Amino acid sequence: MATKTEPSFRESVDLMFNRAVALMDLPPGLEEKIRVCNATYMVRFGVRLRGRIQTFTGYRSVHSEHMEPVKGGIRYAMGVNQDEVEALAALMTYKCALVEAPFGGSKGGLCIDPRDYDEFELEMITRRFAYELAKRDLISPSQNVPAPDMGTGEREMAWIADQYARMNTTDINARACVTGKPIGAGGIAGRVEATGRGVQYALQEFFRHPEDVEKAGLSGSLEGKRIIVQGLGNVGYHAAKFLSEEDGARIIGIIERDGALIDDNGLDVEAVHQWIGKHGGIAGFPEVLHVAEGASALEHDCDILIPAALEGVIHMGNAAAIRAPLIIEAANGPVTAGADEILREKGTVIIPDMYANAGGVTVSYFEWVKNLGHIRFGRMQRRQEEKRHQLVLDELERLDRYLGDAWSLSADFKEKYLRGADELELVRSGLDDTMREAYQSMHEVWNAREDVHDLRVAAYLVAIDRVAKSYRAKGL
Ligand code: NAD
């Protein structure tokens, strides 16, 4: 964790913001308007559990309403506090601007360790929290749309959606009040994997730019790259799985709450994930080196470090010892402002959180649009697309017959070409496009401006400029 001399999470975000704003020419006062959090609501509510009333503390912070609804996850963790939700809400504003999701930034949290409660209790707590937020328009399809974050997932989002619908029985768009729902409750294909998938797409795009790869002292592609992941939860698991199974990267380290697993030959991500599901941690995972002090593995030699658990894990106390030349911030705020400075001086390339983990909000945006449209993506086009492809295929088959042995269709061409895109393919395509476009906007600033030395400042410059334009257009 961060040492005492280090700024808080929110101060860290503000310091990074200030570094970028110093390179901009904003009208007086606008900088402050963008930086500060508009409002933070704190609620204490009681739920009768195990024969007594238990009091819980929750937050919902709205950072910027330059676009509405505002958007951001709800986190269940013991460490939730005002500083943290405000930092996360600010990051949401910049993240949405960077990936052009038409939302302002928000975030929520509940001080609770979900492992201390059974499913029924969690449902009671979640529904009561949702009630407290919804009655103040802090959950609403047109004003504030939460999503999953640490400690929450599809199940909690389904309870929130249902609670909102019970309170707003005639709202035809009620389902759009929250994203990250299960498919059967108005969710979208590909949302669960979205943030991890986005991390994969972000790295793929990074490796499409050899000049950027070179800045990290690396070369080639993702194939064979040695990766260490911290946190094998929703984000870390999917990122590690896709990078190892689809891109040929080697996951040589997995850091969890109860230590780290290290295997330079590469770990079986799926097997470790299943082990955690069964045993609650990585301890006892067979035939692999187990390091008791998990955080020390952040300093292990590797090509790419993916912190995907929580904030402040790379701080002034360990930054100098980090050996990875490339860090991709899958978690929000894993590198403190102090550590960021040390790493930049060392030449470490950091792909910043506001971009790296934007896959979640991007697919949440698709889900929200789907809910408002009341139709699954691809439902109108899919079969028509297949019919048109059949026309081309008929012609190609005619040519195939005509040319005889001289040429023939490849074995799986027919099957691949004939299939119209379903919702999952469309979602992945939209996510890939978003991650590529957003990377390119940062890349341009990073490479074109002599006063910009890192991707984080580039990301802030792009995001703040877009938010500023939106405020200016409104005459603020
Ligand atoms: P999660 O609860 O699914 O997973 C977190 C994982 O980290 C768990 O496996 C947990 O055991 C592990 N962990 C917790 N403390 C740890 C520690 N001290 N050391 C090592 N491992 C530890 O959460 P998630 O949804 O995957 O979120 C992880 C990060 O990604 C958070 O910073 C979150 O804000 C960010 N994020 C999540 C999403 C999303 O869609 N879920 C979107 C954007 C950003």
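Residues numbered from 1 in each chain as written. Predicted model: local features only at pLDDT ≥ 70, side-chain atom pairs only at ≥ 80, totals over all residues. Heavy atoms only, no water.

J.: How do you make sense of the domain arrangement of the chain when you look at a structure like this?
T.: As a measure of interface size, the accessible area lost when the parts come together is often cited. Partitioning the chain into domains gives domain 1 (39–189), domain 2 (217–347) and domain 3 (363–439). Centre-to-centre separation of domain 1 and domain 3, based on C-alpha positions: 35 Å. Listed by partner, the interface residues are 24 residues for domain 1 and 16 residues for domain 3. At the boundary of domain 1 with domain 3, total buried surface from both sides reaches about 1,500 Å², with 66% on carbon and sulfur atoms. Counting the contacts that link domain 1 with domain 3 gives 1 salt bridge. Glu 367 is the partner of Lys 181 in a salt bridge, and the nearest nitrogen-oxygen pair spans 2.8 Å. (Domains from an automatic or database assignment. Contact = heavy atoms within 4.5 Å. Buried area = accessible area lost by both parts, 1.4 Å probe. Salt bridge = Lys/Arg side-chain N within 4 Å of Asp/Glu carboxyl O.)

J.: Quick question: what am I supposed to make of empty space enclosed by the protein here?
T.: The method is simple in principle: a probe with the dimensions of a water molecule rolls over the atoms, and the space it marks as empty is what remains. Per the counting criterion, the structure on display carries 1 cavity of 30 Å³ or more. Looking at the largest cavity, its volume works out to about 30 Å³. What lines the largest cavity is simply Asp 340, Arg 344, Ile 350, Asp 454 and Arg 456. Looking at the lining of the largest cavity residue by residue, the class counts come to 1 nonpolar, no polar and 4 charged. (1 Å grid on protein atoms, 1.4 Å probe; cavity = no way out; pocket = protein on both sides within 12 Å on 5 of 7 lines; lining within 4 Å. Points joined across faces, edges and corners; volume = space filled by probe spheres on them. Nonpolar A, V, L, I, M, F, W, Y, C, P; charged D, E, K, R; others polar.)

J.: Help me understand the sheet that holds strand β10 (residues 304–307), please; the structure alone is not making it clear to me.
T.: Backbone-to-backbone hydrogen bonds pair the strands of a sheet. The strands run either parallel or antiparallel. One open sheet holds the 7 strands; their spatial order is β9-β8-β7-β6-β10-β11-β12, and the pairing between them is mixed. Two strands lie at the open edges of the sheet, namely β9 (289–291) and β12 (349–351), each paired on one side alone. Sheet twist, expressed as the average angle between the axes of neighbouring strands with direction ignored, equals 20 degrees. Relative to β10, strand β6 (residues 226–230) runs parallel, the two being bridged by 4 bridges. Bridging from a neighbouring strand, Val 229 pairs with Ile 306 of β10. (Pairing = 2+ DSSP bridges. Helix = DSSP H or I, 4+ residues; strand = E, 2+ residues; numbered from the N terminus. Axes fitted to C-alpha atoms, helices over the stretch in contact; angles between N-to-C directions.)

J.: In this structure, what is going on with the sheet that holds strand β5 (residues 144–148)? I would like to understand it.
T.: In spatial order, the strands read β1-β2-β4-β3-β5; together these 5 strands make up an open sheet with mixed pairing. Every other strand in the sheet has two partners, leaving β1 (39–49) and β5 as the edge strands with one partner each. Taken over all neighbouring pairs, the strand axes of this sheet differ in orientation by 25 degrees on average, direction set aside. One ladder, built from 5 bridges, connects strand β3 (residues 70–77) with β5; its direction is parallel. Each residue of the ladder has a partner; that of Lys 71, found in β5, is Val 145. Packed on one face of the sheet, helix α4 (residues 119–134) meets β1, β2 (52–64), β3 and β4 (104–111) and runs near 140 degrees to β1.

J.: Just checking my understanding: could you explain the site of the ligand for this structure?
T.: If you check the shell around the ligand, you find 22 residues, and the closest are Arg 75, Asp 149, Thr 195, Glu 256 and Asn 332. In this structure, an oxygen atom belonging to the ligand sits 3.5 Å away from a side-chain N or O atom of Arg 191. Contact between the ligand and Ala 309: an oxygen atom at 3.5 Å from a main-chain N or O atom of the residue. Coverage of the ligand by the protein amounts to 85% of the 830 Å² it exposes when considered alone. When residues of the shell around the ligand are traced back to their parent elements, those giving at least two are α8 (234–246) and β7 (250–256). Split by residue class, the shell around the ligand holds 9 nonpolar, 8 polar and 5 charged. Split by domain, the residues of the shell around the ligand number at least three in each of domain 1 (39–189) and domain 2 (217–347). (Near = heavy atom within 4 Å. Polar contact = N/O pair within 3.5 Å; in protein donor to acceptor, adjacent residues only side chain to side chain. Areas by Shrake-Rupley, 256 points an atom, 1.4 Å probe, with all protein chains shown as cover.)

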